[in-house]
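Summary of the model geometry
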Amino acid sequence: MALTGRAGLLAALGALVVLFAPRPGLAVLGVVLLLACLIVVDLIFAGGIRPLRFSREGERLVRLGQSVTVGLIVENPGPRRVRGVLRDAWPPSAGAAPRRLGVDVPPGERRRLTVTLTPTRRGDREAVTVTVRSLGPLGLAGRQGTHRVPWSVRVLPPFLSRKHLPAKLARLRELDGQHPALVRGQGTEFDSLREYVVGDDVRSIDWRASARRRDVVVRTWRPERDRRVLIVLDTGRTSAGRVGTAPIPLASEPPEGDRRDRGDAARRPAPGWPRLDWSMDAALLLAALAARAGDRVDFLAYDRAVRAWLSGQARTELLSSLVNVMAPIEAELVEADSPGMVAAVLARAKRRCLVVLLTDLNATAMEEGLLPLLPQLSSRHLVLVAAVADPRVAAMASGRGTAEQVYDAAAAEQLRGERRRITSLLRRHGVEVVDALPEDIASALADAYLALKAAGRL
Amino acid sequence: MTLQTAERSFSVSPTARGIWRRGRAIVLVGVIVVIAAVVPVLLPSGSSGGGALLDPGDSSLVGSRALAQVLGAHGVEVQRVDDVATALAAAGPDSQFLITESALLTEQQAARIAAAPADRLIVGDVRHLDVLAGGLTAEIGGTPSRSRSPECALREATLAGDAYMGGSAFTAPAGSTGCYPSGGKPTLVRYVADGRTVTVVGDGQFMTNLRLAEDGNAALAMNLAGAKHRLIWLVPPAQSDETSEPGGSGGSGGSASEPKTIGDLIPQGVGWAVLELVIAVGLVALWRGRRLGPVVAERLPVVVRAAETVEGRGRLYRARRARDRAALALRAATIDRIAPRLGLPRTATPDEIVTAVAARTGEDPEQIRPALFGGAPADDSGLVALAGYLDTLERQVQDS
């Protein structure tokens, strides 16, 4: 059961009656008894909650940053009208609105309510409970009950780097020799012969074919197709660190007005996105690009166990499958198991492929974990390591003026020196390295892929 | 109509039976606790325990109804008085106050009683003894009560013989009579002050219903309390409806003369209205306190900024004033950045770098060498200056 403000108001008005009553003690008793009677009557005539039936309809997928509506159908098979408020409880990061809904279902009818979800975090969001408070005819008290109406919404990675895709595809077409400028295709795979037109590179004239055809014929080339790209996402502790500024506001961030100490807020900027999310964004762009370029894309997420594995997807369904697989992955607060990761990659990639390892260039983790094992990988595959740099470190490194800032700059330079050292060590092993700021990592990784493709190294 | 209705909804509210089944153990424990708390309180009050100590109207073991009745049978008028004003009004030369340790007097009341023209019989550990019986001091610590013999010339005591005495021993003023000594100090003292006979007894147990029949207790009590025609027996003010049992003259006359307090002027209804408001506040609290559904907990990801380790290292440098390490890091970074621009290999020696930088920028090599390969700066301002100079060098190399 639940009371309303009216019950309290009635009791307060009763105080006035008591004040002027000739027998105040009896008046108090009378008011309390009357109130109790009214409340009991209200409870008896309120619509029952237990027989209510609920069902849901609507979307099950939403991209992070977008909203989705979920319909809740309330069916009242009971003999009395159910009138009151309803709360559809979701986890806070599901961003369910409104918090409470008015509900009025006559007996034997059903009503449809809608809840809008604006998630602030990736992953699966399960509906928790539906609570209904059904008020009696007097509005003094009501019955309250809770139902569980299962539904889950999967919040997908937003794929913000989609905006880079047209530009990268244009670059890809240039490689393909299909570009209107008739630039000679830079691929390495023989495609076809065609007639020479003015502007073609004379070096690509196929003299033997020209001799047969009595016309000048040029060879066209295209980039290799049907290569394999294996994207490996490191979900260990280093991927939990937050960098940059979150493009979509986080649920855990307090609102601006709540920050009392402005100076403190300025010194400690709001945490951005985890490296993992930036890496996912880059992986999605790479996957989209590689799928268009005709390569096969596999995906592996690993820290100490296989968190996700996606293989053999059709090109048209690759992206949707990929975001679906990525959605529930969270960074685990454990040191990544590099030998296990290398073994998992070797077990899955039988043929030579491009292994794109999305991790962090953390000196200790790299030196103890991955570096000794790299020869195993790079002897059979082409390895590309992509890491998200921290813009905060770059900002600290350029700090000058006070001694404090210079000390911070020295610390930042120390870290950057370590990263440079690791990068050069990796390059010496024949590993490609992409180290870019969060906003640029997707684009930089796509460029690196295109460069490898153009050079025919896949 | 519905797209996916495979999953059925079901109620998760507890049913009345469920609530009872889950809560009955707690209710049972609560009932046991209440019974355990209430029964010991109720049981002794049914027999004899809760009596009023040395009260002439109380028939329990600690009361003194027997003494009061015997005194009344011997023609002594016993007045049971529960407020000092009535007692003072009744006081006269032919009367005696009986002040026991249960009569809780304030110092002013004690002084007024001491000033009244009546004898005083003070029994037990009475407060403000110094006011009621001036010149008398009680020994600290007291003595155990037991049957003692009079060992004095006081007629009342010698007639009575042994009595159950003890409690406090006293140092009597000059000219007084002390009886029933304990360790040389008397536990009963009688002396005359301002024409009034003051009798002080260390322990009042000999007057209780329990002890009255033992030894010569009854005789001693009769002799002491029945010394005057009228005995004004002071008892603590009654809390409840039993106003005055034997002497009915108190009560209304005393309170009517007192000035009205603010509490008397407020109408009776206000208190009840406040009670009603308290009920209203309680209802509002129930209204606001009832949550619409459970609190939803969520497993949140950890929020760690990746730069925290770097900031921590910076703070460590700062705390330890690690200028050597800071300078080393800054120099290494500058050399790493300018060496490729100068076309130098990674393995270039300091001499080659200094020469190349000097050639490119036109700066003095003697100034460049300590900046790139010197020792740690002497102080923080030196470090700041070094960082600035390294920036300048780098910019010059890049711009040239």
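Residues numbered from 1 in each chain as written. Chains lettered and ligands numbered in written order. Predicted model: local features only at pLDDT ≥ 70, side-chain atom pairs only at ≥ 80, totals over all residues. Heavy atoms only, no water.

**Describing the overall build of chain A**
Just so we agree on the cut-off: The way it works is that DSSP assigns letters per residue, a run of H or I at least four long becomes a helix, a run of E at least two long becomes a strand, and they are numbered from the N terminus. Restricting the calculation to C-alpha atoms gives the radius of gyration, and the globule rule supplies 2.2 Å times the number of residues raised to the power 0.38. When a residue's accessible area, from a 1.4 Å probe over protein chains only, is under 20% of the maximum for its type it is buried; when over 50% it is exposed; and in between it is partly exposed. Contacts are assigned to residue pairs with any non-hydrogen atoms lying within 4.5 Å of each other. Note that His is not counted, nor are the chain ends; the positive residues are Lys and Arg, and the negative ones are Asp and Glu. By convention, the point assigned to a charge is CZ for Arg, NZ for Lys, CD for Glu and CG for Asp.
From N to C terminus, chain A includes 13 helices and 22 strands. Its C-alpha atoms give chain A a radius of gyration of 32 Å, more than 25% over the compact-globule value 23 Å for 458 residues. Judged by the C-alpha coordinates and their principal axes, chain A covers about 120 × 65 × 40 Å. Expressed as a percentage of the 458 residues in chain A, the buried residues total 50%. In chain A, 76% of the contacts between residues at least 6 apart in sequence involve partners at least 24 apart. The average position of the 68 basic charges and that of the 49 acidic charges among the side chains of chain A differ by 5 Å.

**Quick notes on the packing of helix α6 (residues 275-292) of chain A against helix α7 (residues 318-326) of chain A**
All names here are of chain A. The criterion, for reference: In this analysis an axis means a line fitted to C-alpha atoms, helices contributing only their contacting stretch, and an angle means the value between N-to-C directions, from 0 to 180 degrees. Oblique is the label for any angle not covered by the other classes, which are roughly parallel (under 35 degrees), roughly antiparallel (over 145) and roughly perpendicular (65 to 115). A clockwise turn of the near helix away from the far one marks a right-handed crossing, whereas an anticlockwise turn of less than a right angle marks a left-handed crossing. Three categories are distinguished: nonpolar for Ala, Val, Leu, Ile, Met, Phe, Trp, Tyr, Cys and Pro, charged for Asp, Glu, Lys and Arg, and polar for the others, with Gly belonging to the last.
Contact geometry for α6 and α7: axes closest at 10 Å, N-to-C directions at 160 degrees. Judged by the inter-axis angle, α6 sits roughly antiparallel to α7. Between α6 and α7 lies a crossing of right-handed hand. Between α6 and α7, the residues in contact are M280, A283, L284, A287, A288 and A291 and L318, L319, L322, V323 and M326, respectively. Across the contact of α6 with α7, the residue classes tally to 11 nonpolar, no polar and no charged.

**Considerations on a nonpolar patch on the surface**
Worth spelling out the cut-off: Every patch collects residues that have over 30% relative accessible area and no salt bridge, joining them within 9 Å if they carry like charges and within 5 Å if they are nonpolar side chains (Val, Leu, Ile, Met, Phe, Trp, Tyr). Accessible surface is estimated by sampling points in the Shrake-Rupley manner with a 1.4 Å probe; for residues, cover comes only from the protein chains shown. Salt bridge, as used here: a side-chain nitrogen of Lys or Arg that lies within 4 Å of a carboxyl oxygen of Asp or Glu.
Where nonpolar side chains cluster on the molecular surface, the patch consists of L9(A), L10(A), L13(A), L16(A), L19(A), F20(A), I262(B), I266(B), V270(B), V274(B) and V278(B) and spans about 1000 Å² of accessible area. The greatest single-element share of the nonpolar patch, amounting to 6 residues, is contributed by helix α1 (residues 5-20) of chain A. Its place among the elements puts L19(A) in helix α1. The partly exposed category is assigned to L19(A), whose relative accessible area is 34%.

**What to know about the sheet that holds strand β8 (residues 110-117) of chain A**
Residues and elements named next belong to chain A. Let me state the cut-off plainly: In this analysis, strands are considered paired if DSSP registers two or more bridges between them.
The antiparallel open sheet is built from 4 strands, whose spatial order is β2-β4-β8-β6. Only two strands of the sheet have a single partner each, and these edge strands are β2 (53-58) and β6 (96-97). Pairing of strand β4 (residues 68-75) with β8 involves 8 bridges; the strand directions are antiparallel. Each residue of the ladder has a partner; that of L72, found in β8, is L113.

**Topic: the layout of surface pockets**
Where we set the bar: Here a cavity denotes grid points, spaced 1 Å and computed from the protein atoms alone, that fit a 1.4 Å probe unable to get out, and a pocket denotes an open set having protein on both sides within 12 Å along at least 5 of 7 lines; residues with an atom within 4 Å of a point are the lining. Grid points are joined across faces, edges and corners, and a volume is the space filled by probe spheres set on the points.
Roughly 990 Å³ of volume is contained in the largest pocket. If you go around the largest pocket, you meet 42 residues; those closest to its centre are R416(A), G417(A), R420(A), A332(B) and D336(B). Residue assignment for the lining of the largest pocket shows that the elements contributing at least two residues are α11 (391-397), α12 (403-428) and β22 (432-436) of chain A together with α12 (323-341) and α14 (365-373) of chain B. Here the second largest pocket is characterised by a volume of approximately 680 Å³. Contributing to the lining of the second largest pocket are 32 residues, with R121(A), E330(A), R299(B), L300(B) and P301(B) lying nearest its centre. For the lining of the second largest pocket, the elements supplying multiple residues, two or more each, are β9 (123-126), β17 (273-274) and α6 of chain A.

**Thoughts on the pattern of salt bridges**
For the coordinates displayed, the defined rule picks out 37 salt bridges over all chains. E298(B) is the salt-bridge partner of R125(A), the closest N and O atoms lying 3.9 Å from each other. With R125(A) in strand β9 and E298(B) in the loop between α10 (268-289) and β13 (304-305), this residue pair bridges two chains. For R125(A), a relative accessible area of 6% gives the class buried. For the salt bridge of R337(B) with E394(B), the shortest nitrogen-to-oxygen distance reads 2.7 Å. Here R337(B) is found in helix α12, whereas its partner E394(B) is found in helix α15 (residues 380-399), with 57 residues between them in sequence. Of the residues examined, R337(B) reaches a relative accessible area of 25% and is grouped as partly exposed. Here the salt bridges share partners, and the residues they tie into one network are R121(A), R125(A), E330(A) and E298(B).

**Side note on the UniProt feature "domain: DUF58" (unreviewed entry) in chain A**
Threshold: UniProt positions are given in the numbering used here, feature names are shortened, and annotations may be inferred rather than shown by experiment.
According to UniProt, the "domain: DUF58" (unreviewed entry) feature falls on residues 193-236 and 280-415 of chain A. The span residues 280-415 of chain A is 50% helical and 18% strand by assignment, and the distance between its end C-alpha atoms comes to 24 Å.

**Some points on the confidence of the model for chain A**
Residue and element names in this part refer to chain A. Spelled out, the test is: Scored from 0 to 100, pLDDT reflects the predictor's confidence in each residue.
For chain A, the mean per-residue pLDDT works out to 87, and 92% of the residues sit at or above 70. Of all helices and strands in chain A, the one with the weakest mean pLDDT is helix α5 (residues 262-267) (47), whereas strand β18 (residues 296-302) scores best (95). Here residues 252-266 is modelled with pLDDT under 50, and outside its nearest four sequence neighbours on either side it reaches 8 contacts, counting other chains as well.

**With respect to the sheet that holds strand β10 (residues 185-193) of chain B**
Residue and element names in this part refer to chain B. One open sheet holds the 7 strands; their spatial order is β2-β12-β3-β4-β11-β10-β9, and the pairing between them is mixed. Strands with a single pairing partner mark the edges of an open sheet, and in this sheet they are β2 (77-81) and β9 (177-182). When the angles between neighbouring strand axes are averaged without regard to direction, this sheet yields 15 degrees. As judged from the 5 bridges shared by strand β3 (residues 95-100) and strand β4 (residues 119-123), these two strands associate in the parallel manner. Looking at β4, one finds that Q96 is bridged to D119. Of the strands in this sheet, β3, β4, β9, β10, β11 (196-201) and β12 (230-234) touch helix α7 (residues 217-225), which is tilted by about 20 degrees from β10.

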